[in-house]
Amino acid sequence: MLERLHEHVVDELGQSSRTDTIFVVVAVIFNLIALGINSSIASSNSYNRSADNDIILVIMIVMTILVNTISILGLMVGRSTRQRLLTGLIAMYRDNQIDQYYDTGLVLNYGKRYTLFGAIIIVLAVTAILVPVILRLV
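Report follows, based on the coordinates. All values reported here derive from a predicted model rather than from experimental measurement.

A few points about the packing of helix H1 (residues 2-42) against helix H3 (residues 105-137)
In helix packing, the relevant descriptors are the interaxial angle and the interaxial distance, both defined with respect to the helix axes. Relative to each other, H1 and H3 sit at 10 degrees, their axes nearing to 8 Å. Here H1 lies roughly parallel to H3, going by the angle between them. Per-class residue counts for the contact of H1 with H3 are 18 nonpolar, five polar and two charged.

A closer look at the packing of aromatic side chains
For the structure on display, the rule yields one aromatic pair. Where tyrosine 93 meets tyrosine 102, the ring centres are 6.0 Å apart and the plane angle is 55 degrees; that geometry is what we call tilted. Considered together, tyrosine 93 and tyrosine 102 belong to a single accessibility category, that of buried residues. Directly above the ring of tyrosine 114 sits arginine 113, whose terminal nitrogen or CZ lies 5.8 Å from the centroid.

Details of the pattern of salt bridges
Evaluation of the coordinates by the stated rule reveals one salt bridge. Across the pair aspartate 54 and arginine 136 runs a salt bridge whose closest N-O atoms are separated by 2.5 Å. With a gap of 82 residues between them, aspartate 54 in helix H2 (residues 51-95) and arginine 136 in helix H3 connect regions that are remote in the sequence. Given the relative accessible area of 35%, aspartate 54 is considered partly exposed.

A short note on the nonpolar core
Counting ten residues, the largest nonpolar core is built from Val9, Leu13, Leu85, Leu86, Leu89, Ile90, Met92, Tyr93, Tyr102 and Val107. Mapped onto this core, the elements with two or more residues apiece are H1 and H2. Top element by residues in this core is H2. It accounts for six residues. Contacts of valine 107, omitting those with residues within four sequence positions, involve Gln83, Leu86 and Ile90.

Looking at H3
The end-to-end C-alpha separation of H3 is 48 Å, in line with the 48 Å expected for 33 residues at 1.5 Å each. By the burial criterion, the buried members of H3 are Val107, Gly111, Tyr114, Gly118, Ile121, Ala125, Ala128, Ile129, Pro132 and Arg136. In the core, the buried residues of H3 are packed alongside H1 and H2.

What counts and how
- Residues numbered from 1 in each chain as written.
- Predicted model: local features only at pLDDT ≥ 70, side-chain atom pairs only at ≥ 80, totals over all residues.
- Heavy atoms only, no water.
- Axes fitted to C-alpha atoms, helices over the stretch in contact; angles between N-to-C directions.
- Helix = DSSP H or I, 4+ residues; strand = E, 2+ residues; numbered from the N terminus.
- Parallel < 35°, antiparallel > 145°, perpendicular 65-115°, else oblique.
- Nonpolar A, V, L, I, M, F, W, Y, C, P; charged D, E, K, R; others polar.
- Phe/Tyr/Trp six-rings, centres within 6.5 Å; stacked < 30°, edge-to-face > 60°.
- Buried < 20%, exposed > 50% of the residue type's maximum accessible area, 1.4 Å probe, protein only.
- Lys NZ or Arg CZ within 6 Å of the ring centre and 35° of its normal.
- Salt bridge = Lys/Arg side-chain N within 4 Å of Asp/Glu carboxyl O.
- Core = buried A, V, L, I, M, F, W, Y, C linked by side-chain atoms within 4.5 Å.
- Contact = heavy atoms within 4.5 Å.
- Expected span 1.5 Å × (residues − 1).

Next comes the structure, spelled out in structure tokens:
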């Protein structure tokens, strides 16, 4: 029974990692696409500027904020899930006197990794918003 529980926890960790990867990849790709679209709209010639372009730019900025907020929240849930699963796994190892084979410092490293993923998403989101706004204002 213990082996099946271990397999289940490891499978859940794998699923959590795949889900986190999806959130990061979607956010990065969306931000790069939004940066291109927003920059194109914002840098249109002064004689070509219209209210339609401004509305599209505002909608894209709102969508950028929403997609990135959802991605960051998804990563926060993934971080919490991973923390709980690893805590249970470490307890299981401790109960079976094999905890010396798992470095608990890995849990801290996973937390740092989530922080770095979040930072990447935020930097790209800010870039996808600020660059077009600056282009529009200049």
